[in-house]
Structures are given as C-alpha cells and as structure tokens.
Amino acid sequence: MSVSIVVVDDDSGFRRIARTLLTARGMRVVAESEDGTSALAAVREHRPDGLLLDLHLPDHDGVAVARMLRNQDPPPRIVLTSTEQSFWSTDELRQAGIEAFVAKDRLFDADLQALFGKMP
C-alpha cells in the first residue's frame, strides 16, 4: 500500500509540482489544501500518513498546524517546507511534531520516500 500525503500550500503551482514529485516517487496525494483550516479538515477526513506543509499559510503558520496535529492518533509525519531557510531548531520542530524541514528549492533532491516512509 502506498503512503498517503496531504499537500498544504497557498500556491497552487507549488501544490501541482509537489503532487507530481510525490506521485513520481510512489506516494499517493489524497488531498491538497491552501490554508491551515482546510489542512486540518483534510487530515480528519483522509487520515494521511504524512503532510507536506508550507510554513507560511494565510490563516496559520505551518508550525501551529503541526502542533494541532501532534496529538492525533496516529499523528501524520509532517515535513515542513518554505522558500526561506527554517529558523526553527531541529528540537523545536520535533516538539511541534515536525519530522523534517526541506527548502522548496531542494524538494526535487530530497529523499521524500525516506521522509514520509511508514513509522515502524
């Protein structure tokens, strides 16, 4: 069974690129969201294995969305992305429930299968 992902970004072009990359690497994009509120609804509806989550959203930042999801059972694996380098430390990201940060311009080279692989 393939890994299911929700892509969250307010830029429809980036969502399309992310969907293409994830699908090419054997994952299944089950929903796309343009803001934090719709992302939370998509997670409740689809129960994805992971989220590719933009840091800057119109209604919430990605770290706040991750914090809202970290107590879900089971929580999705969250990879935070942005055009800017993350100023959050690895510990701060992990405490928020974020698995990793990948700059948007590095997404093509990222090992998405490892980042979103099933937890043991």
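In what follows, the accompanying structure is described. Every value quoted in this text rests on a predicted model; they were computed, and no experiment measured them. (Residues numbered from 1 in each chain as written. Predicted model: local features only at pLDDT ≥ 70, side-chain atom pairs only at ≥ 80, totals over all residues. Heavy atoms only, no water.)

**A few points about the overall build of the chain**
Reasoning step 1: Across its full length, the chain carries 5 helices and 5 strands.
Reasoning step 2: For the chain, the sequential pattern of α-helices and β-strands runs β-α-β-α-β-α-β-α-β-α.
Reasoning step 3: In summary, the chain has a C-alpha radius of gyration of 13 Å against a globular reference of 14 Å for 120 residues, a match within 12%.
Reasoning step 4: C-alpha atoms of the chain, sized along the principal axes, occupy 30 × 30 × 25 Å.
Reasoning step 5: Expressed as a percentage of its 120 residues, the buried residues of the chain come to 50%.
Reasoning step 6: In the chain, 62% of the contacts between residues at least 6 apart in sequence involve partners at least 24 apart.
Reasoning step 7: With 14 positive and 19 negative side-chain charges, the chain shows a separation of 5 Å between the mean positions of the two kinds. (Helix = DSSP H or I, 4+ residues; strand = E, 2+ residues; numbered from the N terminus. Rg over C-alpha atoms; globule rule 2.2 N^0.38 Å. Buried < 20%, exposed > 50% of the residue type's maximum accessible area, 1.4 Å probe, protein only. Contact = heavy atoms within 4.5 Å. Lys, Arg positive; Asp, Glu negative; His and termini not counted. Charge placed at Lys NZ, Arg CZ, Asp CG, Glu CD.)

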